[in-house]
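For reference, the chains in residue letters:
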Amino acid sequence: MELIRIGFAVNHSYAFYRSLLRGVAQFAETRPQWVFTSVIPEQQTLGGTHSRFRPDGLVASVHSESVMKTLSSWRRPVVNVSSVLPSPLLPRVGVNNACVGQLAAEHFLERGLRHFAFFGSPDSLFSTERRDSFCQSLHAAGHAVACHYAPPERPYDQLDRRWDIDLSTHRWLRGLPTPIGLFVPSDHWGFQLSQACREVDLRMPEDVALLGVDDDDLNCELARPRLSSVIVPAARIGYEAAALLDRLLAGEKPP
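Cut-off values and rules
- The written sequence of each chain sets the order in which its residues are numbered from 1.
- Only residues with pLDDT of at least 70 are given local features in this predicted model, and only at 80 or more are side-chain atom pairs given and counted; all residues enter the totals for whole chains, interfaces and linings.
- Values shown for side chains rest on all heavy atoms present in the structure; no hydrogens or waters enter the calculation.
- For helices the rule is a DSSP run of H or I covering at least 4 residues; for strands it is a run of E covering at least 2, with both sets numbered from the N terminus onward.
- An expected span of 1.5 Å times one less than the residue number is assigned to each helix.
- Using a 1.4 Å probe on the protein chains alone, a residue whose accessible area is under 20% of its type maximum counts as buried, one over 50% counts as exposed, and one in between counts as partly exposed.
- Here, residues are in contact when the closest pair of their heavy atoms is within 4.5 Å.
- A pair of strands is treated as paired once DSSP finds two or more bridges between them.
- Fitting a line to C-alpha atoms yields each axis, with helices limited to the stretch in contact; the angle taken between N-to-C directions then spans 0 to 180 degrees.
- Each Phe, Tyr or Trp ring, with Trp reduced to its six-membered ring, pairs with another whose centre is within 6.5 Å; inter-plane angles below 30 degrees give stacked pairs, above 60 give edge-to-face pairs, and intermediate values give tilted ones.
- Crossover handedness is defined here as right-handed if the route from the first strand over the helix to the second strand goes clockwise, with the strands pointing away from the viewer.
- Among the buried residues, those of types Ala, Val, Leu, Ile, Met, Phe, Trp, Tyr and Cys that are joined through side-chain atoms within 4.5 Å form a nonpolar core.

Time to look at helix α1 (residues 15-28). Along an α-helix, a turn takes 3.6 residues, which lines up residues three or four apart on a common side. Here α1 is 14 residues long and its end C-alpha atoms lie 20 Å apart, about the 20 Å a rise of 1.5 Å per residue gives. The complete set of buried residues in α1 reads A15, F16, Y17, L20, L21, G23, V24, F27 and A28. Looking at the buried positions of α1, the neighbouring elements they touch are β1 (4-9), β2 (34-38), β3 (57-60), α7 (217-222) and α8 (234-249).

Turning our attention to the sheet that holds strand β9 (residues 228-230). Strands sit in the order β6-β5-β7-β8-β9 across an open sheet of 5 strands; the sheet is parallel. Two strands close off the open sheet at either side, each with one partner strand: β6 (146-149) and β9. Taken pair by pair, the neighbouring strands of this sheet meet at an average axis angle of 25°, ignoring direction. In this sheet, β6 lies alongside strand β5 (residues 116-120) in parallel orientation, the contact comprising 4 bridges. Across the sheet, A117 pairs through a bridge with A146, a residue of β6.

Attention now moves to the packing of aromatic side chains. Enumeration over the complete set of coordinates arrives at 11 aromatic pairs. Through pairs of rings, three or more aromatic residues link up here, namely F8, F27, W34, F36 and Y239.

The linkage connecting T178 with the following residue, P179, adopts the cis geometry, with an omega of -5°. Relative to the helices and strands, P179 is located in the loop between α5 (167-174) and β7 (180-183). Look at the link from M204 to P205: it is a cis peptide, with omega at 5°. Relative to the helices and strands, P205 resides in the loop between α6 (187-199) and β8 (208-213). In this model, D215 sits at a positive phi of 50°, which is unusual for a non-glycine residue. Among the secondary structure elements, D215 is positioned in the loop between β8 and α7.

Judged by pairing direction, the sheet is parallel, and its 4 strands sit side by side in the order β2-β1-β3-β4 without closing on themselves. On the outer flanks of this sheet lie β2 and β4 (78-80), each paired with one strand and no other. The sheet shows a mean angle of 20° between the axes of neighbouring strands, direction not considered. Direction of pairing for β1 relative to β2: parallel, over a ladder of 5 bridges.

On to the side chain of D246. Relative to the elements of secondary structure, D246 occurs in helix α8. Apart from the residues within four sequence positions on either side, D246 is in contact with F27, R31 and W34.

Turning to the pairing of β8, a few remarks are in order. Of all the 6 residues making up β8, 6 are buried; the element is thus mostly covered by neighbouring parts of the structure. The side-chain alternation of β8 yields two buried faces, one formed by V208, L210 and G212 and the other by A209, L211 and V213. Taking the sense of rotation as the criterion, the β-α-β connection linking β7, α6 and β8 turns out right-handed. For the handedness criterion, the β-α-β arrangement of β8, α7 and β9 is classed as right-handed.

On to the nonpolar core, then. Formed by 42 residues in total, the largest nonpolar core has its most connected members in F16, L20, F108, F134 and F183. Counting residues per element, the ones that place at least two in this core are β1, α1, α3 (97-110), β5, α4 (125-140), β8 and α8. Other than its neighbours up to four places away in sequence, F16 contacts V81, V95, D214, V232, A234 and I237. Core analysis: the second largest hydrophobic core is formed by 37 residues, V62, F119, M204 and L227 among them.

Right, here's the structure in full:
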């Protein structure tokens, strides 16, 4: 049996990607010829003649234009599972971000809140799509949304993390009417906002009802009180990404 080498270029520290990889593993139960490895695109010339390990296909979380260009020129199948950048150059399997934003708005409306806010990134695709749907759903119900954004061009550290709270965020939080429903498009930001609210003496959930996304067990449990979160089907996304990669390996064109 000829082995098919499948590479992963994802950050295992996030619960979303760990669940996604479990979905890939579930699909791989029907593909005994698949073997797995981790790949760092920036540090490895994919497909190079001197590469110790050249995967036949790749499941990747693409967060930068440079990696997008590198992988789009690679002569082997790649499936992107990140929604940070628009992905015209690579096939992508991901979350329905419009549905996420709508669910967040419905959650707050069902609890009788009348003031609403959003904090996220102005340039990450998943953040803007979730924001737009959240705002549209609340505008349709006759409500306004106060939006504030993470400082631009904050670099990610080696663990793919960054701290996005600054003094302007503290001032913004102090000026919000209460009680308010505050939606953040990831639990990474939710954890940071929970700390910022405590620092400006806002009680949760009495003053601020905070809602994140991804149901990241560590970030949700570290937040005080525990962070509520929209659950996304990460394992299903991984399964479908693997199924798409399998079709690409068989010679099919990406949809």
